[in-house]
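# Reading the structure
Listed below are the residues making up each chain.
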Amino acid sequence: MSVDVASTALINATKGRELIGAFVNSAKLDEKMVLPQLEWLIGFHPMNRYTEIEYFVVRKGQYGRTLLVCAKKHTANQRLVGVAEGEDNVAEHEVSYVKCLRGRFGKVDSKVEVSRDIRMLFRRATTSSQWHKDQTTRLFAESQLCALCAATGKLEIDHVIPFKNILADYLKSKALSLDNICYKKTGELYSQGVDITADWVNYHNKTAVYRLLCRKCNARTACES
Ligand SMILES: [Zn+2]
């Protein structure tokens, strides 16, 4: 038994809900399953971070509800919200696949919050790149002065072309909007199921020019742009 959630059959959250719901209702109770595609999908859960899944299983819950459950290894310091304690150091959690589908299709309740998260993830993708680290090291090695007012002291990395313009140009060049970008909590950005993270970072790193600014100048240029 498997469920083909990553395929073209899963075209939207409603369809996905039907597909997984049907799978859950037809699955054999208490039979452990390895479902890589479902594991991929639940990476989109907007709050929880599911990692290292041991197996999926369908259980009968309270009031005769059929529950899709995943089991993951837990460590002592992880907060457990599971429905049941399974075998040795494995905890079972109900999978809220509807939320995962919403995450996958960019339909989480607060649109504003999601858009902020997505912008933050676009930024984080670039700052975790080797290019960013190299540029930062180079700039600090070259100068200890603000590029605008020559102040010394605490200096910050600033985009000469504002970051938001680079992002807007990138999205425009790919005919994308923030509304149809999805993301995983691990930070990867998706458009229509395709991971665009590397493509974006490559675009950013080819376009961006960094400089060092003091806090005052950085705050001022951020307000102006
Ligand atoms: Zn300055």
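In this text, all values refer to a predicted model and were calculated from it rather than measured experimentally.

## Quick notes on the overall build of the protein chain
Scanning the protein chain from terminus to terminus reveals eight helices and nine strands. Out of the 225 residues in the protein chain, the part that is buried amounts to 23%. For the protein chain, contacts bridging at least 24 residues in sequence account for 59% of all contacts bridging at least 6.

## Some thoughts on unusual backbone geometry
Although it is not a glycine, Ala-150 adopts a positive phi angle of roughly 65°. The class for Ala-150 is exposed, based on 10 C-beta atoms found within 10 Å. Phi at Ala-175 takes a positive value of approximately 55°, unusual for a residue other than glycine. The class of Ala-175 is exposed, set by 8 C-beta atoms lying within 10 Å.

## Considerations on the confidence of the model for the protein chain
Residues at a pLDDT of 70 or more form 80% of the protein chain, whose mean pLDDT is 81. Confidence drops under a pLDDT of 50 for residues 75-87, and excluding neighbours within four residues, the segment shows 17 contacts in the predicted structure.

## Thoughts on the nonpolar core
In terms of nonpolar packing, the biggest core is built from 31 residues, with Ile-42, Phe-56, Val-69, Cys-70, Tyr-97 and Leu-189 touching the most fellow members. Dropping the residues within four chain positions of it, Phe-56 is found in contact with Met-33, Leu-35, Leu-38, Leu-68, Val-69 and Cys-70.

## Let's talk about the packing of helix H1 (residues 13-26) against helix H3 (residues 97-104)
Contact pair H1 / H3: the axes reach a minimum separation of 9 Å and the direction vectors enclose 150°. With respect to their mutual orientation, H1 and H3 come out roughly antiparallel. Considering the relative orientation of H1 and H3, their crossing is right-handed. Counted together, Ala-13, Gly-16, Arg-17 and Ile-20 of H1 and Tyr-97, Val-98, Leu-101 and Arg-102 of H3 form the full contact between these two elements. Class assignment of the residues belonging to the contact of H1 with H3 gives a composition of five nonpolar, one polar and two charged.

## Re the environment of Thr-127
When you line up the elements, Thr-127 lands in helix H4 (residues 111-127). A tally of 13 C-beta atoms within 10 Å means that Thr-127 is categorised as partly exposed. Considered as a pair, Thr-127 and Val-201 are 74 residues apart in the sequence and their alpha carbons are 9.0 Å apart.

What counts, and at which threshold
Residues numbered from 1 in each chain as written. Predicted model: local features only at pLDDT ≥ 70, side-chain atom pairs only at ≥ 80, totals over all residues. Helix = DSSP H or I, 4+ residues; strand = E, 2+ residues; numbered from the N terminus. Buried ≥ 20, exposed ≤ 12 C-beta atoms within 10 Å, placed from the backbone. Contact = placed C-beta atoms within 7 Å. pLDDT = per-residue confidence, 0-100. Core = buried A, V, L, I, M, F, W, Y, C linked by C-beta atoms within 7 Å. Axes fitted to C-alpha atoms, helices over the stretch in contact; angles between N-to-C directions. Parallel < 35°, antiparallel > 145°, perpendicular 65-115°, else oblique. Left-handed = near helix turned anticlockwise from the far one by under 90°. Nonpolar A, V, L, I, M, F, W, Y, C, P; charged D, E, K, R; others polar.

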